[in-house]
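# Reading the structure
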Amino acid sequence: MAQAFPYTYYSCDCYDSNTNITSAKRASQQAPIADDEDERTFDPRSPRSNYSLYPLEHLLYCEDCQQIRCHRCVIEETLAWFCPACLFEVPSSLIKADGNRCIRNCFNCPVCMSTMMVNSLDDPTNPSSSGGPYILSCPYCHWSTHEIGIEFEKHTGISQQLSRVANGGRQIPTQKERDKERERLKDAEGRKKDDRDILSGSDDSPTRDRVREDIPPSQEDSFSNLSAFYKTQINAQSPASFSSHDVSFSSPASYARIMNLYSTSSTKKQKREKPVPMREASGVFEGLTIFDPATDAATIERIKKEGWSTTLAPAQKLAQINPNIRFESELRPIPSILCTKRGKRCRSCRHILAKPEAKITSTRYKIKLLALNHIPRLSLRALSTPTSQISASGPSASAPAFDYNALRPGIPTHFLLHLSNPLFDPVRVTLATSSTTPGKVQSRVTILCPQFEVGANTDVWDDALQSSLSPVKRTPALNADGQIEAGKIWDRGRNWTSVVIEVVPGFLKPVTTGFSLGGDDGKKKEDEELDEDEDLLEIPIFVRLEFEADMVEQERGIGDPKRSVEGQREKREEAFWAVVGVGRVAPT
Amino acid sequence: MDLAQVDIGLVEDKFERAMREAYNKYFLTDVKPRRILLALPPRMPHPLMSSILQILFANFQAPSITILSSPILSTVAAGLRSALVVDIGWAETIVTGVYEYREVHEKRTIRAGQLLSEEMAKLLNAELDDEAEPGAPKTDISFEEADEVLTRVGWCKSRPKSNRNTLYFPARTSPILEEFEDAVETPEPTITIPFPRSTPPTSLTIPFAELAKPADQALFATDTALNEFDDHELPLHHLIYRALLSLPMDVRRLCMARIIITGGVSNLPGLKSRILAELDALIQQRGWDAVKTYGSVSARHEQRLRQQKENLDLRTNEGEDQVSESLIPDIPVPASLKEPEQDVIDHKLAHLALRNGPPPATLVGGAVRGVETLGAYAGASLIAKQGIRGVVEIGRDKFLIYGLQGATRDKEVSVVAQQRMSMGPNIERGTAGERGSWTLGVWA
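In short, a report on the structure. Model, not experiment: these values are computed from the prediction. (Residues numbered from 1 in each chain as written. Chains lettered and ligands numbered in written order. Predicted model: local features only at pLDDT ≥ 70, side-chain atom pairs only at ≥ 80, totals over all residues.)

For chain A, the count of helices and strands is 14 helices and 23 strands. In chain A, which comprises 588 residues, the proportion classed as buried is 24%. When contacts within chain A are restricted to residue pairs at least 6 apart in sequence, those whose partners lie at least 24 apart make up 67%. (Helix = DSSP H or I, 4+ residues; strand = E, 2+ residues; numbered from the N terminus. Buried ≥ 20, exposed ≤ 12 C-beta atoms within 10 Å, placed from the backbone. Contact = placed C-beta atoms within 7 Å.)

Structural data, given as structure tokens:
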């Protein structure tokens, strides 16, 4: 969690409800959930809470379910695809055919991942008619396709040109040509089989094929070869009548089958033929690649000679379309991956929660139900001067800026918890927290005023007008001794209220002198080893809201006639866990 | 797999996040939910399977999920029906014998990626400590650094150690090999590895030969005697040898000529050749004899074998001389070493079979041979492309109601009943109809 202190995360409880359903089903070895789900306090340190805490800005709110919705409890549906480099919208039919990459001129540098540009290699003294040849080059690291021996004739349709050229300028046959070649080889093989004396003549494979084979087939080659091989094998396997396409009665094959079924038994018997089992691939053109130790040896030699710098870093390798490469000379420009615009729906009621505008360049939304507009915002800050001066034990606050990264252990520090209400109705808030924070460093936390009201989010001018009529109490809740009085709010405004939280940060090392807290040595030793982020002070706070709101239109319609009076108000409740990150406890 | 210490809920969270990223960033599928084909190892624990399925069904709206076993998919992606699949993964290496698209045998060892990575880290730490001035804190390089070194410049000696050559091969050939092996190149080739992340950034120059040691150490454990290994940590070549040994003879014949080495570590240059060479040497030395030592009679046993072999050599050598045949009286040759009699009818039948049957290349067997595979996932793509449906196919609605308990107990859906010849028992070609019940097949 790399946000600056203090921060607030909201918990979406979708995983709890999720596990409840599944755990019932999961018969075997689910750890018995000992305590009731509702009773359990939220632990921001449990590894799972990483996956359920979000900043308020990331959350959506489903008005029908009246619940917070996080990334996990929405269904996303793709509305449009576009290339982030050229902002060209790609229709969904093209996605199916050409995959998830831009098929125009957009490429990323395979070395540094920045967007590449098409540059001309034209000689100014002797310009060619087309302005070419062209190369793709990276404006940041100056890598260019020149280094892998690829130049283009035209400056458009780069990806098509690139797909036809292998590194080093060798032409790659297209899919069609490859298919044709495969057929040719197969025919040749077949003829040879008929001609020769089969038992003896297995050695004299044609030299012409050998020449081709010294380049090992690429992965795509093998894949298409295998795919074609399996297709022919399966077609040869299944009798025509069983191909899954023509199950309709009109096709001659199934007609024959039905006739066969209902005709006399004599013909049925003789038809049953023992099917030949599918065979294995027998050669390169069928996708069989025999392992060759020579390639291994060559790779080792090359590493030995050329060293570290010619090999690829893992990130570069994984960004490639074919990640099974090792050397810089095998790099290819990466077509940029497409981005999508996605709408979000609530998983349980299927209502749309967010829907962006269809235009690619627009960043606006048609529908956007943010939790921001439905859930009060909690924020925390250190309470400055007056208290710390009075309490006299807070030298940390005497510094002009409060250092959240070094909380003084053992010294009570006051923080202001600020709640602002986005709703148009006043809200009664009840806060709860456990008296000590979970984890090894136990800090004591007291919310001095756990129950209070927050005003409605009315028009800004209302505030200005009302303030003269009924002055809001702005005197700090200090009692005669200058102590903060418990049970009173600190300050309030039009739609916000702030209360004081007292925190006594725990000690990073168990206190051995001073207080004798008990506890044997073994336990202390265990405590001394702090995990990463164990000094982080995070306070889980359970927030419960009560308010009266206008009824949702739907409910008004369905509800009984008594309640369907216009302007009927209903009582609503909402509750969730939030985690407030206060800071880091300083080592003593 | 030990799941006692694993928080399944956390696994679910992580899996869900990974899948969401994969969907949103790379798959870019359209609104229509897609069928999912999962490649899982055949020994997947049920709780894991259940949670994976749950997330795919519930969060990603898959209408149905087909599960196929990964060694079989590797076999498919190599274009074979039978193979010995050596999957060198992260936590363990799994050797699976596949015969006619069916797993027949499985052995595993912990000598795999994790151990290799640790060895490499150890090596680099030691080298860096040597470089650093004394008194400096011990270096502890991160996993990423060790992994990067391993994938970039790590390699594996492609021949077994020379002293073992002398052990394996007849005396005639070994000295040459040995000299060739031990010839030290001058100057010794080195590799310079930068470590930009350490403070201050350093670079390490290390002899090239050193970089092959972790693989030697982790995967082949060259320094340790065989009797010191526990069952779960056999070196790779011994594991493969044992797996082959425990296969039935016919299956072994096919499998040893179709050794598929796959998994992430298998990309280490030289590793495949090394495994095959070691295996070949083991077979030459031991034959297919499950008994490793015959105790006190072992000398005699070896002697007898050698004599047999020499006799055979003698005979074949002499066979080339025309004269000797009539002169030397019949030495009784053991039946196993006799040339089988030629039968005219057999010859004709074989001829016919070759003409009509599959090409001879598919019948190769009996010698160690490696075959490249495209990997289990490519195999799954191949199968999906042909519209083949697996035996284990789980429908969304049924799973969401019953969970894994909804599976029938039958391990296999009968293929014959559907009047359809298929690619094998694990993979069948289906029509569009829905099945009434579903099974977990080998995963049950």
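Back to the text.
Below, the discussion takes up the packing of helix α3 (residues 70–77) of chain B against helix α15 (residues 376–385) of chain B. Residue and element names in this part refer to chain B. Relative to each other, α3 and α15 sit at 75°, their axes nearing to 7 Å. Comparing the axis directions of α3 and α15 gives the class roughly perpendicular. Residues Ser70, Leu73, Ser74, Val76 and Ala77 of α3 touch α15, and the partners they reach there are Ala376, Ala378, Gly379, Ala380, Leu382 and Ile383. (Axes fitted to C-alpha atoms, helices over the stretch in contact; angles between N-to-C directions. Parallel < 35°, antiparallel > 145°, perpendicular 65-115°, else oblique.)

Residues and elements named next belong to chain B. The buried fraction of helix α9 (residues 236–245) amounts to seven of the 10 residues, a majority that puts the element mostly inside the structure. Among the residues of α9, Leu236, His237, Leu239, Ile240, Tyr241, Ala243 and Leu244 are the ones counted as buried. Structurally, α9 contributes buried residues whose contacts are with β3 (83–88), β4 (93–98), β5 (103–109), α8 (213–220), α10 (249–256) and α11 (271–286).

Residues and elements named next belong to chain B. In terms of burial, β4 is a largely internal element, six of the six residues being buried. A two-sided burial pattern is seen for β4, the buried positions comprising Thr93, Val95 and Gly97 on one face and Ile94, Thr96 and Val98 on the other. Relative to β4, β3 runs antiparallel, the two sharing six bridges. Bridge pairing in β4 links Ala83 to Val98. Taking the residues between adjacent antiparallel strands as the criterion, β3 and β4 are bridged by four residues. Relative to β5, β4 runs antiparallel, the two being bridged by six bridges. Directly across from Val95, in β5, lies its bridge partner Lys107. Counting the residues that bridge the hairpin from β4 to β5 gives four residues, and of these Glu100 lies at a positive phi of roughly 50°. (Pairing = 2+ DSSP bridges.)

This next bit is on the nonpolar core. Soluble, globular proteins show a tendency: their nonpolar side chains are buried together. Among the nonpolar cores identified, the biggest contains 103 residues, and Ala77, Ala83, Leu84, Val86, Ile240, Ile259 and Ile260 of chain B are the most heavily contacted of them. Among the elements that take part in this core, helix α4 (residues 113–131) of chain B stands out by supplying seven residues, more than any other. Looking at this core, you find at least three residues from each of domain 1 (8–78 + 373–443) and domain 2 (113–286) of chain B. Those residues in contact with Ala77 of chain B, other than ones at most four positions away along the chain, are Leu226 of chain A together with Thr373, Leu374, Gly375, Ala376, Ala378, Gly379 and Leu382 of chain B. Within the second largest apolar cluster, 50 residues are counted, among which are Cys346, Leu378, Val427 and Ala578 of chain A. (Core = buried A, V, L, I, M, F, W, Y, C linked by C-beta atoms within 7 Å. Domains from an automatic or database assignment.)

Turning our attention to unusual backbone geometry. Although it is not a glycine, Leu87 of chain A sits at a positive phi angle of roughly 55°. Note that Leu87 of chain A resides in the loop between β5 (74–82) and β6 (89–90). The exposed category is assigned to Leu87 of chain A, around which 11 C-beta atoms lie within 10 Å. With a phi angle near 45°, Ala221 of chain B is a residue other than glycine that sits in the positive phi range. Along the chain, Ala221 of chain B turns up in the loop between α8 and α9. Accessibility expressed as a C-beta count within 10 Å gives 20 for Ala221 of chain B, which makes it buried.

A word on the sheet that holds strand β12 (residues 339–346) of chain A. All names here are of chain A. Reading across from one edge, β6-β5-β12-β13-β14 is the order of the five strands in this open sheet, with antiparallel pairing throughout. Looking at which strands have only one partner, the edges of the open sheet turn out to be β6 and β14 (365–368). By the bridge criterion, two bridges tie β5 to β6 in an arrangement that is antiparallel. Paired with Phe82 across the bridge in β6 is Glu89.

The next subject is the environment of Leu56 of chain A. Among the structural elements, Leu56 of chain A can be located in the loop between β2 (53–54) and β3 (60–62). Sequence separation between Leu56 of chain A and Ile68 of chain A is 12 residues; the distance between their C-alpha atoms is 9.8 Å.

All names here are of chain B. With seven of its 10 residues buried, α15 lies for the most part within the structure. Buried within α15 are the following residues: Ala376, Ala378, Gly379, Ala380, Ser381, Leu382 and Ile383. Just downstream of α15, Gly387 is the residue with a positive phi angle, here 70°.

What follows deals with the sheet that holds strand β22 (residues 536–550) of chain A. Residue and element names in this part refer to chain A. A sheet is described by the order of its strands in space; here six strands give the open sequence β2-β1-β23-β22-β17-β19, paired in antiparallel fashion. Whereas interior strands pair on both sides, the edge strands pair on one side only; in this sheet they are β2 and β19 (451–454). Here strand β17 (residues 427–432) runs beside β19; their pairing, made up of four bridges, is antiparallel. By the bridge assignment for β19, Val429 is matched with Phe452.

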